[in-house]
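# Observations on chain architecture
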Amino acid sequence: MTEEREAADGDEGGLGEREQALLAVERRSWPGPGAKERAVRESLGLSPTRYYQLLNALLDDPRALAHDPVTVNRLRRVREEKQRRR
């Protein structure tokens, strides 16, 4: 999805399909190491590094919080704990 498309999706007040898909991946539980990264590559067509960059930016988006508050708040807590450890 292009940046223009992402901006257009944001103008509608809700999350775009890709943003919703990112959060959906995080809602799932994963059976073992590598399964999540494999799913990210296959279903989203993103490298794991790019996936985490987009996800991290999405956590600061109020639309993401409105869409899936449980997942976003959990991920924010995890991120804050990692930052405290540094």
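Being a predicted model, the structure only gives us computed values, none of them experimental.

Bringing the overall build of the chain into the picture now. Counting secondary structure elements, the chain contains 6 helices and 0 strands. Starting at the N terminus and walking to the C terminus, you meet the elements of the chain as α-α-α-α-α-α. Looking at the 86 residues of the chain, the share that counts as buried comes to 31%. For the chain, contacts bridging at least 24 residues in sequence account for 45% of all contacts bridging at least 6.

Glancing now at helix H6 (residues 69–85). Its 17 residues give H6 an end-to-end C-alpha distance of 24 Å, which sits within 8% of 24 Å, the value for a rise of 1.5 Å per residue. Among all positions of H6, only Thr71, Val72, Leu75 and Arg79 are buried. Along the axis of H6, the buried positions cluster into a sector of 95 degrees, meaning they face one direction only. Opposite the buried face of H6, at more than 90 degrees from it, the exposed residues are Val70, Arg77, Arg84 and Arg85. Residues of H6 that are buried in the fold lie against helix H2 (17–27), helix H4 (48–58) and helix H5 (62–67).

With that out of the way, let us pick up the nonpolar core. Leu22, Leu23, Leu46, Tyr51, Leu58 and Ala64 are the most contacted members of the largest nonpolar core, which has 14 residues in total. For this core, the elements supplying multiple residues, two or more each, are H2, H4 and H6. Here this core gets 4 residues from one element, more than from any other, and that element is H4. Apart from the residues within four sequence positions on either side, leucine 58 is in contact with Leu15, Glu19, Leu22, Leu23 and Ala64.

Now for the confidence of the model for the chain. In low-pLDDT regions, the fine details of the predicted coordinates are not to be read closely. Averaged over all residues, the pLDDT of the chain equals 87, while 85% of them reach at least 70. Contacts of residues 1–11 to residues separated by more than four positions or lying in other chains number 12 contacts, the stretch itself having pLDDT below 50.

As a further point, take the environment of asparagine 56. For asparagine 56, the location among the structural elements is in helix H4. Along the chain, asparagine 56 and leucine 75 lie 19 residues apart, while their C-alpha atoms are 8.7 Å from each other. Side chain to side chain, asparagine 56 and arginine 79 meet in a polar contact 2.9 Å long.

Analysis parameters
- Residues numbered from 1 in each chain as written.
- Predicted model: local features only at pLDDT ≥ 70, side-chain atom pairs only at ≥ 80, totals over all residues.
- Heavy atoms only, no water.
- Helix = DSSP H or I, 4+ residues; strand = E, 2+ residues; numbered from the N terminus.
- Buried < 20%, exposed > 50% of the residue type's maximum accessible area, 1.4 Å probe, protein only.
- Contact = heavy atoms within 4.5 Å.
- Expected span 1.5 Å × (residues − 1).
- Arc of directions from axis to C-beta.
- Core = buried A, V, L, I, M, F, W, Y, C linked by side-chain atoms within 4.5 Å.
- pLDDT = per-residue confidence, 0-100.
- Polar contact = N/O pair within 3.5 Å; in protein donor to acceptor, adjacent residues only side chain to side chain.

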